[in-house]
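# Notes for the structure review
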Amino acid sequence: MGFWGRSRFETDRKNVLVTGGSQGFGLALAKKFVLRGSHVTIAARTESKLKVAVEELSKLKIHDDQIIQYRSVDLTNYDDVKIMIDQLEPCPDHLAHCAGSSYPGFFVDLHPVVFENQMRQNYLASVYITHALIKRMKDISVPYSRRIMLTSSILSALPLVGYNAYSPTKAAVRALADGLRQECILYGIEVSIFLPATILSPGYEEENRLKPSLVLEMEKSDKAQTCETVAYYCMKGLDNGDFAITNNFVGDIMKNHSRTSSPHDNPILEFLYCMLTLFVWPFVRTQLDQDVYKYALQHRLRTAVPSRSNSFVTILFSCIQFCIFYYLIPPLVANPYGTLLSTLPLWFLLQTIQTYFQRPRGYFTFASIFRSICATSLGSVLIAFILFTFGAPLVNNFQLSFLCAATLSVLIIYPLTFFFQSNYTSWGQFLAFKQYKTLGSLQCRAWGPILGAWAGAIPIPLDWDQPWQAWPITVVVGAFIGHLIATIFGELLQ
C-alpha cells in the first residue's frame, strides 16, 4: 500500500526477481510475471532445476525481447546473495521471495540443528535477500512503484503442533515485513507479506512423509491448493496493493485474529473477521487441543487429567436456572404448552454454558453441539415413549407430553452427550452408576431430574382439584427441583 493510497502494480517490461522460482509456487508465480511481459530472473540453489524452469518460462514470453534468466545461489549465504544482487543488470524492480522450507515433527523429537536450519532457510534468507536488494534499490529513483513481497505462512498466525520449528521462523518473517513496510517509505519501495495455507508442491509431499500421524489427522479438513491457484491469489493481492495477502477464507480470518501493526487492506471486512474470530476461535482452539489430548492418551504419552468439578460455577448456573424457572411457574400453570415451548431454547443455552464450565470439559465444537442436539432429539422421543407407557396423555395432549419429554431430555441427556457421544459402553456404565469417578457431579445432575420428575407425578392423580395438578406441570417442577438438589449434593460429594 502506497503512502498516500494504493499504487498501481506495474509489471510489463519491469525486472522481477523470483527466489525459489525453480519449482512449486515460485515457478507458478514466475509464470504469471512472464505472461505479463516482465523480465524475470529466477534464483534457487539447484542449477539443473533452474535450467529446466527457464526453458519452460521462455515458452510463455509475450515480447520477443523479454529476458528470462536464472541465478544459482545459496540464499542462506549473505555474501553470495550480495554478489548476485550487485551483478544483476538492471536492478530488479520487484522481488517475490518464495524460497523456504518446512521440517515438521514434534518439538522434542527434532534435533536442534533442524531449528537452526529452519531459521536460516526461512528467516535469515528473507533478511539477506531484502537487505542486499534494498541497499541497491534505495539509490535508484524510478517514476513507478516498486514492490518487495515476502512469503510467510498462515502458520505464523495459527501455530500448530508439529510445526514448532517452522511457525516461529515464519512469524519472524511477518514481523520483518511489518518493520520493512514502514522503513521502506524512506525509499519509495512498497512491501507486502503473503500468508499462504497448504500448497500442493514437491515440498508438501516431502513434508507429509515427515509429519506425525496426529498432524496428518488434524490437517484432514485443510483444503490444499495447487501452485497455480495460490499464485493467482498472490498476484491478485499484489494488484490490489494489499499488504497482507492470503489465499483462502481461513487465511483471511487468522491474519486478522493475530493482527499486529499491519495496515488494514479492507477495514470494514477485516473488522467483521476480527469479530467473527472472537466468537468462533475459542471453539476451534478447544477442538484442536482436544485432538492433541486424545492422541496423547491413545499413544500413552500422558495420563488422563484427574476429574475435578468447578463447584461454584456449576451450582451458580443451577441456581440461576431454577430461579428463572421459579419465576415462570405462574405462566406454566396458566399456559403449559406455550411456556414449555418458548423456554426450551433457554434451557438449551443454560445447559450448554454449565456443561462447558464443568470439569472435565466435554468436546465443545460446532460438530459436537450438533451431534448433542440430535441425540437430545432422539432422547426426547425415548422419554416420551416412557411417559406414554406410564400413562401420560397420548391423544388429547400429545404435543404437551412431547414438550415435557424434550425438557427432561435437555436436563438429562444433552449434557451427557458431550462426554459420551456415541460411546454406548459409557452410556451403559452411566446407567449402572459406574461412571461417577469420571464425571463427578454430572452424573448426579442427570439422575436428579429423573427422580424429581418421578416424584412430581405423584400429586397429579390426587383429588385436590388444583390448577397446578394439570399434566405435566408437577412433573416439570419436580425435574427442576431434582436438578438443583442433585447438583448441590453432587458437588458436596466432590
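Note that the structure is a prediction, hence the values are computed from the model and not measured.

## Digging into the side chain of Asp-93
Within the secondary structure layout, Asp-93 lies in the loop between helix 3 (78-87) and strand 4 (94-97). The side chain of Asp-93 is buried and forms no salt bridge, while Arg-146, the nearest opposite charge, is found at 5.9 Å. Ignoring any residue separated from it by four or fewer positions in sequence, one finds Asp-93 in contact with Lys-14, Asn-15, Met-137, Tyr-144, Arg-146 and Arg-147.

## Comments concerning the UniProt feature "transmembrane region" (unreviewed entry) in the protein
When the UniProt feature table is mapped onto this chain numbering, "transmembrane region" (unreviewed entry) sits at residues 268-288, 309-329, 369-392, 398-421 and 468-489. In this annotation, residues 369-392 is assigned 88% helix and 0% strand; the end-to-end C-alpha distance for the span is 30 Å. Secondary structure across residues 468-489 comprises 77% helix and 0% strand; the distance between its end C-alpha atoms is 27 Å.

## Let's talk about the pattern of salt bridges
Counted under the stated rule, the structure contains 12 salt bridges. Of the charged contacts in the structure, one is a salt bridge between Lys-138 and Asp-139, with a shortest N-O distance of 3.3 Å.

## Some points on the packing of helix 3 against helix 4 (residues 112-137)
Where helix 3 contacts helix 4, the two axes come as close as 9 Å, and the packing angle between them is 35 degrees. Two packed elements cross with a definite hand, and for helix 3 against helix 4 that hand is right-handed. On the side of helix 3, the interface is formed by Tyr-78, Val-81, Lys-82, Met-84, Ile-85 and Asp-86, while helix 4 contributes Tyr-128, Ile-129, His-131, Ala-132, Leu-133, Lys-135 and Arg-136. In the contact of helix 3 with helix 4, the residues fall into 8 nonpolar, 1 polar and 4 charged.

## Side note on the pairing of strand 3 (residues 68-72)
Bridging between strand 2 (residues 39-44) and strand 3 involves 5 bridges; their strand directions are parallel. Opposite Ile-42, over in strand 3, you have Tyr-70 as the bridge partner. Regarding the hand of the β-α-β motif, the stretch spanning strand 2, helix 2 (residues 47-58) and strand 3 is right-handed.

## Things to note about the layout of surface pockets
Roughly 1,000 Å³ of volume is contained in the second largest pocket. What lines the second largest pocket is a set of 36 residues, among which Leu-382, Ile-383, Ile-386, Ile-412 and Ile-450 lie closest to the centre. Those elements giving two or more residues to the lining of the second largest pocket turn out to be helix 14 (366-389), helix 15 (398-420), helix 16 (424-431) and helix 18 (441-456). Looking at the lining of the second largest pocket, the element that brings in the most residues is helix 14, giving 11 residues. Of the residues that constitute the lining of the second largest pocket, the class distribution is 27 nonpolar, 8 polar and 1 charged.

Conventions and cut-offs
Residues numbered from 1 in each chain as written. Predicted model: local features only at pLDDT ≥ 70, side-chain atom pairs only at ≥ 80, totals over all residues. Heavy atoms only, no water. Helix = DSSP H or I, 4+ residues; strand = E, 2+ residues; numbered from the N terminus. Buried < 20%, exposed > 50% of the residue type's maximum accessible area, 1.4 Å probe, protein only. Lys, Arg positive; Asp, Glu negative; His and termini not counted. Salt bridge = Lys/Arg side-chain N within 4 Å of Asp/Glu carboxyl O. Contact = heavy atoms within 4.5 Å. UniProt positions renumbered as here; feature names shortened; annotations may be inferred. Axes fitted to C-alpha atoms, helices over the stretch in contact; angles between N-to-C directions. Left-handed = near helix turned anticlockwise from the far one by under 90°. Nonpolar A, V, L, I, M, F, W, Y, C, P; charged D, E, K, R; others polar. Pairing = 2+ DSSP bridges. Right-handed = clockwise from strand over helix to strand, strands pointing away. 1 Å grid on protein atoms, 1.4 Å probe; cavity = no way out; pocket = protein on both sides within 12 Å on 5 of 7 lines; lining within 4 Å. Points joined across faces, edges and corners; volume = space filled by probe spheres on them.

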